[in-house]
Structure formats: C-alpha cells, structure tokens
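# A look at the structure
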Amino acid sequence: MSDFDRRSVLKAGLGGAALLAGPGIVPVRAAEWTNTPEPNASIRVLRWKQFIQAEFDKFAEQTKKFSEKTGIKVKLEAESWEDIRPKAAVAANVGAGPDLIIGTLDDPFKFPEKLIDVTDVADYLGKQYGGWYPVAERYGKKGNNWIAIPQGATGGCLNYRISHMKAAGFEQFPKDTDGFLKLCQALKKNNTPAGFALGHATGDANGWCQWALWAFGGKVVNDKNEVVLDSPETIAALEYVKQLYATFIPGVLSWNDSNNNKAFLNGELSLTLNGISIWTVGKTSPDPKQQEIAKDMDHAPMPIGPVGVPTEQQNVLVYYGYKHSKYPKAVKEYIKFMMDKENYDAWEVASNGYVSPPLPAYNDNPVWTSDPKITPYRDCLKRCRDNGYAGDLGYASAAVMGDFVVVDMFAEAASGQATPQEAAKRAAERAKRYYQV
C-alpha cells in the first residue's frame, strides 16, 4: 500500500491555507452552509458499481457516518454504468425511484426539468475549496443553475507494460500520435499487443474514441450545435484508428468496460486505456503473477495529435437528485457531506486515486504523489473536454454519447464493415436525429 496513512490525509484536508498553498492550489476559505434537512428523512441512492472494492467499502462507511451524524437513513445501491442510464430515465419519466443517482457524463441534461436545483451545494463547495475545474462546471451547470454536482472522473490513462515497451524499442512512452502508432505496431510484432474497447463500453470506448476524433480536429458539432462529423478531419482520425486496430488483440469489437482489465491481468495485453483499477487490483492481488504485472506497469496521458493540444474525454461522474424526492434537502445534505474535503480525501485514499477530483484544491491529497504511477490520474480533468464539444451539453449530446454514435463509427471503419467515408456519413446522419429535433 502507499506510504502514508489516513491521519496525514486528514491533516492535509483540515490544515487550512498553509497546507494547501502550493503551485496551482487555491487556499481553502470558509463558506456558509445553511441547509436544514427534513425531519425523519430517508433517501435511496443509486451509484455506479465499483471496480475497486476498497473504494466502495469506504463510500459505504462514509454513508453510514452521514446517517449517524444526521439521522437521515440512506439505502445505498450499485449498478453498472450501462444499467444506471435506463433506470435514471425511467425514474425521471415516472416520477418515482431513487432520490439520488451518481451516474455519468451529461445524462442529467436529458431531463433537467425533473432534477433538484443544487446551485447552493455547488456554490458552497466552489467557495469553500477555491472553485471548480471549468469542465466540471460544464457537466454540472445548465444556464445559470446547477442540475448536478460532479463527483470527479474515473480517470482514464494509458496502462502499459514497461518491459514490453522497452522490448519494442521505446525507452519512454510516446507523447504524440505518430509515436503511439509505431509503439502499437512494434508491440504487435513482438506478440505483446495493445487492445482498446470498441464495444459499448461507457468509460473505455467513449474515452479513447472521442480522444482520437478530437486529436485530428474532428468533432460531432460546431459551436452552433450544427453536426459537422462528416469532415476531412474525421476521415483522418478514422484512417489513423484503422491502422491502430490492425495491431489490437482480437475481440475488442465486443469489449465492455471490464474486458481489458481481465485481459491485462491475464498477461494477454500490454497497452490499453483504463482507470487505475488494473494496477490497484494487480498490486493487491493474492496472485503472484498479477503482482508481477502490476510491478511492470506504468501510466501515461493520451498522446497529442495533429491539433497540438490535449483532447481527452474522461468518464465524469455526477450526483443528481430528483424533484420527486420527498426529501430534497436531505439529498443536498448527503451530497455536501460526501464531497466535503475531509470525507472526499479519505475516500480517495481508499480508492488509490481511482477518481480524479473536480476541485483543484483536492489535488494536495498525498495519494497523488505517494507513487509516481498514480500521479498522471490527478490531472485528468485538466486535460479533458466535455463530450458535447464544441457545442453545448444537452439532450442531444447526451443521446449521441449514450447511443455510442462515435464509438460505432470507429468500430465500423476500423474493422472494415464500412469505409471511413461511409462510417463518417452514417454517424453524421445518426447524430442529426438528435441535434435536429
């Protein structure tokens, strides 16, 4: 485990401006919180299913502490990201179900009128902890009001085997798309291939496909929300990924968010996009082979493409509560409690840095520098675009992401089911169904 303890984290979380002051860190300042929960409140919370057991255990422990402190009963449930999306929509449509969901991306923008206004929670956290990352604010805010509170992002970085990279002729991980392709080709030649999900994987497939699209200058819409997906820049991205796909391990077209984890820890895979869960599970595994794999691992940001700037898409997690709840103030109190720095820091430590924080003030958590293999995950939201880029987040952007329009486009072109031109044209027509309603 990391060479620090919970006491050091709490010290960093409670020690005030002197401990937080550092490069790029805004000192904590007092903010007023005046919410008074309803008496005898009880809430039902549905969150994403864990990839690291210690993360969920700490989250459940913090939830129990919340109930003990406030008297508010909480029923905590967990489902996969893919299963939460339809359940969230049903709850919005019928006006019944969970009081609070911790889901993904811009799903709240599909039914903003059904959600509790959480502007007071966002204002409190922003003032208390020095402000939100701009991309986090975009995922929480519709107009002038907040409809969701970003929990962070299950940060996606490149997971790779150090020895395999060196055997392929690279001393350091490539920082641009040209070098990245050459590395994948060399890994394939050495029978130590890469593999990236091209199935309907909410975190992994969306993450790397959106990165590839943006890295070459492609985008679904422009700043006027006009669909511009069928473009020369998109074709260039598809041609590039077609070359990458030729280096991949077989089977990626059907991968979900867990397949690459299993393949990597089975020693079948040398390079993939994932959260820190592969390394954490391997490091703590009773299996000596998985422990050795974890020792031979490292992490890196996604490479820079022809556009010359980071173009990452991260799986942003968001709290959103429903107006059908009988206890909206209790919902807000729960979000505030779980997001307060002392509690967030302890949870972050238990998860080994699985969630990249939405507030820069949380970057001082010792977990981020306890091991250099963890540090790349700290800044995921600095390198991140929202998935509605370059337009607005809303029903259309959420629907295009939820319908895997971009992922399917890359899968079709990469596998030869369609030419890049055909795949781009079909994806653009699919996107227009949502943007032109």
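Structure shown above.
As the structure is a prediction and not an experimental result, all values here were calculated from the model.

A few words now on the overall build of the chain. Across its full length, the chain carries 18 helices and twelve strands. In terms of overall size, the chain behaves like a compact globule, its C-alpha atoms giving a radius of gyration of 21 Å where 437 residues would be expected to give roughly 22 Å. In terms of overall dimensions, the chain has C-alpha extents of about 65 × 55 × 35 Å along its principal axes. The buried share of the chain, reckoned over its 437 residues, is 60%. For the chain, the proportion of contacts with a sequence separation of at least 24, taken over those separated by at least 6, is 76%. Carbon and sulfur atoms provide 50% of the accessible area of the chain, an area that totals close to 17,200 Å².

This part covers the sheet that holds strand 7 (residues 157-161). Spatial ordering of the open sheet is given by 8-7-9, a layout of three strands whose pairing is antiparallel. Taken across any chain shown, the strands that pair with only one partner, and hence form the sheet edges, are strand 8 (271-274) and strand 9 (297-300). For this sheet, the mean inter-axis angle between neighbouring strands, taken without regard to orientation, is 30°. Pairing of strand 7 with strand 9 involves four bridges; the strand directions are antiparallel. Looking at strand 9, one finds that arginine 161 is bridged to methionine 297.

Attention now goes to the pattern of salt bridges. For the structure shown, the criterion picks out 23 salt bridges. Linking aspartate 107 and lysine 110 is a salt bridge whose minimum nitrogen-to-oxygen distance equals 3.7 Å. In this structure aspartate 107 comes out as buried when scored by relative accessible area, which is 4%. For glutamate 412, the salt bridge identified is with arginine 426, shortest N-O distance 2.6 Å. Taken together, the residues span a long stretch of sequence, with glutamate 412 in helix 17 (residues 405-415) and arginine 426 in helix 18 (residues 420-435) at a distance of 14 residues. Three or more residues joined by partner-sharing salt bridges are found here, namely Arg44, Lys75 and Glu77.

Evaluation of the coordinates by the stated rule reveals 25 aromatic pairs. Each ring, one from tyrosine 129 and one from tyrosine 362, has its centre 5.2 Å from the other, and the planes form 75°; the classification is edge-to-face. Remark: tyrosine 362 occurs in the loop between helix 15 (341-351) and strand 12 (384-385) and tyrosine 129 occurs in the loop between helix 5 (119-128) and helix 6 (134-140); sequence separation between them is 233 residues. Tyrosine 362 matches tyrosine 129 in its accessibility class, with the two residues each being buried. A ring pair is formed by phenylalanine 180 and phenylalanine 196, whose centres lie 6.1 Å apart and whose planes are at 80°; its orientation type is edge-to-face. Of this pair, phenylalanine 180 sits in helix 8 (residues 177-189) while phenylalanine 196 sits in the loop between helix 8 and helix 9 (204-215), placing them 16 residues apart in sequence. Phenylalanine 196 shares its class with phenylalanine 180; the two are buried.

Attention shifts here to helix 3 (residues 53-70). With 18 residues, helix 3 should reach 26 Å at 1.5 Å per residue; the first-to-last C-alpha distance of 26 Å fits that figure. Taken as a whole, helix 3 has its buried residues at Glu55, Phe56, Lys58, Phe59, Gln62, Thr63, Phe66 and Ser67. Within two residues after helix 3, glycine 71 carries a phi angle of roughly 80°, on the positive side.

Next up on the list: the state of the cysteines. Inspection of every chain in the model, using the stated rule, returns zero disulfides. Free cysteine cysteine 157: the closest other cysteine sulfur is in cysteine 380, separated by 4.1 Å. Looking at cysteine 380, the relative accessible area reads 0%, which means it is buried.

As a further point, take unusual backbone geometry. Look at the link from tyrosine 389 to alanine 390: it is a cis peptide, with omega at 5°. Here alanine 390 is to be found in the loop between strand 12 and helix 16 (395-402). Phi is positive for leucine 105, close to 55°, though the residue is something other than glycine. By the element assignment, leucine 105 lies in the loop between strand 3 (100-104) and helix 5. On the accessibility criterion, leucine 105 (0% relative accessible area) is buried. Within the chain, phenylalanine 404 stands out as a residue other than glycine whose phi angle is a positive 55°. Mapped onto the secondary structure, phenylalanine 404 falls in the loop between helix 16 and helix 17.

The subject of this paragraph is the packing of helix 10 (residues 232-245) against helix 17. Put simply, helix 10 and helix 17 touch, their axes get as near as 8 Å, and they point 60° apart. Here helix 10 lies oblique to helix 17, going by the angle between them. Here helix 10 and helix 17 pass one another in a crossing that is right-handed. In contact with Thr234, Ala237, Leu238, Val241, Lys242 and Tyr245 of helix 10, helix 17 contributes Met409, Phe410, Ala413, Ala414 and Ser415. Along the lines of polarity and charge, the residues of the contact of helix 10 with helix 17 split into eight nonpolar, two polar and one charged.

Conventions we followed
- Residues numbered from 1 in each chain as written.
- Predicted model: local features only at pLDDT ≥ 70, side-chain atom pairs only at ≥ 80, totals over all residues.
- Heavy atoms only, no water.
- Helix = DSSP H or I, 4+ residues; strand = E, 2+ residues; numbered from the N terminus.
- Rg over C-alpha atoms; globule rule 2.2 N^0.38 Å.
- Buried < 20%, exposed > 50% of the residue type's maximum accessible area, 1.4 Å probe, protein only.
- Contact = heavy atoms within 4.5 Å.
- Areas by Shrake-Rupley, 256 points an atom, 1.4 Å probe, with all protein chains shown as cover.
- Pairing = 2+ DSSP bridges.
- Axes fitted to C-alpha atoms, helices over the stretch in contact; angles between N-to-C directions.
- Salt bridge = Lys/Arg side-chain N within 4 Å of Asp/Glu carboxyl O.
- Phe/Tyr/Trp six-rings, centres within 6.5 Å; stacked < 30°, edge-to-face > 60°.
- Expected span 1.5 Å × (residues − 1).
- Disulfide = S-S within 2.5 Å.
- Parallel < 35°, antiparallel > 145°, perpendicular 65-115°, else oblique.
- Left-handed = near helix turned anticlockwise from the far one by under 90°.
- Nonpolar A, V, L, I, M, F, W, Y, C, P; charged D, E, K, R; others polar.

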